[in-house]
Amino acid sequence: MLLLPLIMTSEALHVSFLGNSFTYFNDLPSCVVSACRAAGVGATAAEHTVGGEALSGHLENERARALLAAPADALVVQDNSVNPGRASEERFEESLRALDDIAERAAHVEHVVVYGSWGHRDGSVYEA
């Protein structure tokens, strides 16, 4: 867990999550809060998760933009699982531009962590 060094050196953390169903159904925010509390660190989490959403789509959402503007010790972002596998060069580049925009909007957040799911080498079977 890339947040472990932050957890081990903090007394309290607020972590924001921007992702899709992998973040939501795996209940990543609660898992991180539980890990923090087990380490004796007070923790809270905020999240914006939309099934199947890509990072670029989040940037069009008012609630996601508000989450990016809010104070946080760390921001965990997760892209649509098709994009890491480079299903198309255009979608992959769009994703990288979105990640850059997210990092700029969240410049006040000291730690930005990319939560990477596996990529689909030939695109998603769900988008056929």
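Engineer: Would you explain the packing of aromatic side chains in this entry?
Structural biologist: Here a ring pair, both rings aromatic, is described through the centre-centre distance and the interplanar angle of the planes. Using the criterion set out here, one finds one aromatic pair in the structure. When the ring of Tyr 24 is compared with that of Phe 25, the centres are 4.9 Å apart and the planes differ by 85°; the resulting orientation is edge-to-face. Among the residues examined, Tyr 24 registers a relative accessible area of 47% and is labelled partly exposed.

Engineer: Would you take a moment to explain the pattern of salt bridges for this structure?
Structural biologist: Think of it this way: side chains of opposite charge can pair up when their charged atoms draw near. One pass over the structure, following the stated rule, counts one salt bridge. Arg 105 serves as the salt-bridge partner of Asp 101, at 3.3 Å between the closest nitrogen and oxygen. Within this pair, Asp 101 and its partner Arg 105 are both found in helix 6 (residues 89–105), separated by four residues, close to a single helical turn.

Engineer: What am I meant to see in the environment of Asn 80 here?
Structural biologist: Position of Asn 80 among the secondary structure elements: in the loop between strand 3 (74–77) and helix 6. In terms of polar contacts, Asn 80 uses its side chain to reach the backbone carbonyl oxygen of Gly 52, at 2.6 Å.

Engineer: Hey, could you run me through the side chain of Asn 80 in this one?
Structural biologist: Asn 80 gets classed as buried once you look at its relative accessible area, which sits at 8%. Discounting chain neighbours no more than four positions away, the residues touching Asn 80 are Asn 20, Gly 52, Glu 53, Ala 54 and Arg 91.

Engineer: Just to check I follow, could you spell out the environment of Pro 71 for this structure?
Structural biologist: Within the element layout of this structure, Pro 71 appears in the loop between helix 5 (62–69) and strand 3. A sequence separation of 35 residues divides Pro 71 from Ala 106, and the C-alpha atoms of the two residues are 8.8 Å apart. Setting aside residues up to four positions removed in sequence, Pro 71 forms contacts with His 14 and His 108.

Conventions used here
- Residues numbered from 1 in each chain as written.
- Predicted model: local features only at pLDDT ≥ 70, side-chain atom pairs only at ≥ 80, totals over all residues.
- Heavy atoms only, no water.
- Phe/Tyr/Trp six-rings, centres within 6.5 Å; stacked < 30°, edge-to-face > 60°.
- Buried < 20%, exposed > 50% of the residue type's maximum accessible area, 1.4 Å probe, protein only.
- Salt bridge = Lys/Arg side-chain N within 4 Å of Asp/Glu carboxyl O.
- Helix = DSSP H or I, 4+ residues; strand = E, 2+ residues; numbered from the N terminus.
- Polar contact = N/O pair within 3.5 Å; in protein donor to acceptor, adjacent residues only side chain to side chain.
- Contact = heavy atoms within 4.5 Å.

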